[in-house]
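# Working through the structure, step by step
Here are the chains, one letter per residue:
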Amino acid sequence: MIGSGFGGLGAAVRLRREGITDFVVLERAGSVGGTWRDNSYPGCACDVPSHLYSFSFAPNPEWPRTFSGQRHIRAYLERVADTFGLRPHIRLDHEVLSMRWNADALHWEISTARGGLTADVVVSATGPLSDPKIPDIPGLAGFPGKVFHSARWDHGYDLRGKRVAVIGTGASAIQIVPSIQPEAGALTLFQRTPPWVLPRADRAITRAERWLHSTFPATGTMRRGLLWGIRELQVSAFVKRPNELGLVETLAKRNMARSIKDPATRAKLTPDYRIGCKRILLSSDYYPALAAPNVDVVASGLKEVRGATLVAADGTETEADAVIFGTGFHVTDMPIAERVTGADGTTLAEEWKDGMAALRGASAAGFPNFMTIIGPNTGLGNSSMILMIESQLNYLADFMRQLTTLGGRAALDARPRAVAAWNHKVQSRMERTVWNSGGCDSWYLDANGRNTTVWPGTTSEFRRATRHVDLAEYEVLRAPARTAEGPGVRAGGMDAGVADAGARS
Ligand code: NAP
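These numbers come from a predicted model, not from an experiment.

Cut-offs applied
- Residues numbered from 1 in each chain as written.
- Predicted model: local features only at pLDDT ≥ 70, side-chain atom pairs only at ≥ 80, totals over all residues.
- Heavy atoms only, no water.
- Patch = residues over 30% accessible without salt bridge, like charges linked within 9 Å, V, L, I, M, F, W, Y side chains within 5 Å.
- Areas by Shrake-Rupley, 256 points an atom, 1.4 Å probe, with all protein chains shown as cover.
- Salt bridge = Lys/Arg side-chain N within 4 Å of Asp/Glu carboxyl O.
- Helix = DSSP H or I, 4+ residues; strand = E, 2+ residues; numbered from the N terminus.
- Buried < 20%, exposed > 50% of the residue type's maximum accessible area, 1.4 Å probe, protein only.
- Disulfide = S-S within 2.5 Å.
- Pairing = 2+ DSSP bridges.
- Axes fitted to C-alpha atoms, helices over the stretch in contact; angles between N-to-C directions.
- Near = heavy atom within 4 Å.
- Polar contact = N/O pair within 3.5 Å; in protein donor to acceptor, adjacent residues only side chain to side chain.
- Contact = heavy atoms within 4.5 Å.
- Phe/Tyr/Trp six-rings, centres within 6.5 Å; stacked < 30°, edge-to-face > 60°.
- Lys NZ or Arg CZ within 6 Å of the ring centre and 35° of its normal.

### Overview of a nonpolar patch on the surface
A contiguous nonpolar patch, built from Trp-211, Leu-212 and Phe-216 and spanning about 320 Å² of accessible area, is present on the exposed surface. With respect to the helices and strands, the residue Leu-212 is situated in helix H5 (residues 207–215). When its relative accessible area of 33% is taken as the criterion, Leu-212 is described as partly exposed.

### Remarks on the state of the cysteines
Scanning the entire structure with this criterion turns up 1 disulfide. Across a sulfur-sulfur distance of 2.0 Å, Cys-277 and Cys-440 are joined as a disulfide pair. In this structure the cystine formed by Cys-277 and Cys-440 twists about its S-S bond by roughly -90°; its chirality is therefore left-handed. Of this pair, Cys-277 sits in the loop between helix H8 (263–269) and strand S11 (281–282) while Cys-440 sits in the loop between helix H13 (434–437) and helix H14 (459–465), and the two are 163 residues apart along the sequence.

### Here we look at the sheet that holds strand S14 (residues 309–312)
Within the open sheet, the 3 strands sit side by side as S13-S14-S15. Their pairing is antiparallel. Edge positions in the sheet fall to strand S13 (302–306) and strand S15 (317–319), since each of these pairs with one other strand and no more. Direction aside, the axes of adjacent strands within the sheet are offset by 25° on average. With 3 bridges joining them, S14 and S15 adopt antiparallel strand pairing. Across the sheet, the residue bridging to Leu-310 is Thr-318, located in S15.

### Notes on the site of the ligand
Among the 26 residues in the neighbourhood of the ligand, the closest are listed as Asp-47, Ser-172, Thr-193, Lys-278 and Leu-302. Between an oxygen atom of the ligand and a main-chain N or O atom of Ala-171, the distance comes to 3.0 Å. Note that an oxygen atom of the ligand is positioned 2.6 Å from one of the side-chain N or O atoms of Lys-278. Here the ligand has 910 Å² of accessible area as a free molecule, and 87% of this is covered by the chains.

### Looking at the environment of Phe-143
Within the element layout of this structure, Phe-143 appears in the loop between strand S6 (122–124) and strand S7 (146–149). With a relative accessible area of 7%, Phe-143 lands in the buried category. Remark: the alpha-carbon pair of Phe-143 and Ala-308, spanning 165 residues in sequence, is separated by 5.5 Å. Ignoring any residue separated from it by four or fewer positions in sequence, one finds Phe-143 in contact with Val-305, Gly-307, Ala-308, Leu-310, Ala-320, Asp-321, Ala-322 and Val-323.

### Examining the packing of aromatic side chains
On inspection of all chains with the given rule, the structure shows 18 aromatic pairs. For the pair Phe-57 and Phe-84, a centre-to-centre distance of 5.7 Å together with 85° between the ring planes defines the contact as edge-to-face. Highlighted residues: Phe-57 in the loop between helix H2 (35–38) and helix H3 (70–83) and Phe-84 in the loop between H3 and strand S2 (90–91), separated in sequence by 27 residues. In this structure Phe-84 comes out as buried when scored by relative accessible area, which is 18%. Between Trp-435 and Tyr-444 the ring centres are 6.5 Å apart and the planes differ by 85°, which places this aromatic pair in the edge-to-face class. Put simply, the rings of Phe-6, Trp-36, Tyr-53, Phe-55, Phe-57, Trp-63, Tyr-76 and Phe-84 pair up and form one aromatic cluster. Over the ring of Tyr-157 we find Lys-162, and its NZ or CZ is 4.7 Å from the ring centre.

By themselves, these figures tell us nothing about what the structure is for.
Have a look at this one:
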């Protein structure tokens, strides 16, 4: 397993539940939590309700708020690691540097920051929000002040009284701006594209509610079911009838008008694309913060830095002491892909140079026994990623069962035709969706304009599509007889094992 965020920890729990214990979780950082460990910026919280944004197998009756903050989500993941006995499997500070498929031995040879390993199966759960993206801005290196990314917040830097520039208006920036506005001397927001923002109905979960969920767990399940059901019903508007979303735009405009009284500013903040095309943002304090006297919105992207002066694409110049990039992550160019070399010697990045594609979001052709959690086209526009992750865990569990059933040493490699057929189906459904037809550019789309991130359907459809591994979609690989019996290869049935290379030789 690579990564110990929701995906990696979830996969670890699932393997244990399948009776598989010979595995490790390789984590590059010094603690678990993935994106919820890395994103500690002020105001960081989840915009999916907590009772839905948690594992179905690890309900948390103690969520403090309807939309709980980063600290609580991170603590939840730490608890999952403890409760499910995952600690002995976790290898912290083990960044995966490279991995290569050995076709003779039918295993992966992995090089990490702490030495080598071999693994029969690799589950890559590095997630789409793990590597921050800072745009290549001319002159940035010469900026004399402080510069950091939202996912690498410098808590030692005091923003009080400073002239702060925030770059970007995505889900991260709109949480940051209201949190730092009261302390910044002056805050300038560089908005390349305005987002659609709806109010966030955040509130403390009462003690009575928490008691109820602890005492009668079924009530927590019902709450989750309701939150899930509402979002399932919304999907058809996103994927089939984007025009129906016009009504939601009216609600978003009203939300803005409540705080932004100046028509010129409202015009500047109003998107010109269909709501939902980019992720709909939820915040009740973003517009009030923009209306504060110490905040200025530059309706243009940051183009250049000249000394302490930030120059926008429209020529606006702003002096700043600190620049905070809320400019997102390497999503469609998944960085781990450059480190994975498959059966024919090509890297996953090369395989995906025209766009990511994987059978049922999990298996790329030519990369046997390698699965991605939150792989291509498994993202969501309006619901909880944990639902998608759990579907992928079902698929992983069946993958492991199938390998065991095959017996001997075997590996499964997705057939190119099956990957292409799956991808064709996904992409043709994508055409009508709001993400592709809504008139915006977003991180859902790759450099070629192809949407390789979002699942164009309901979470239940994806659940059904990933219930079982269809062996007809895979080629079964067997180790050459001489190697299969040779030294250094584990005897007996297939397992999910990972062992220290040194220990096995
Ligand atoms: P993001 O959605 O990719 O937003 C990046 C922002 O940076 C965009 O507004 C983009 O503008 C802007 N940008 C890029 N280059 C720029 C430039 N030179 N000048 C000005 N602006 C520039 O990144 P994010 O906000 O970190 O969010 C990423 C994802 O993380 C979210 O979509 C969401 O899935 C997740 N997230 C979730 C939560 C949550 O509550 N669950 C919170 C935070 C993040 P354009 O729009 O013009 O490209």
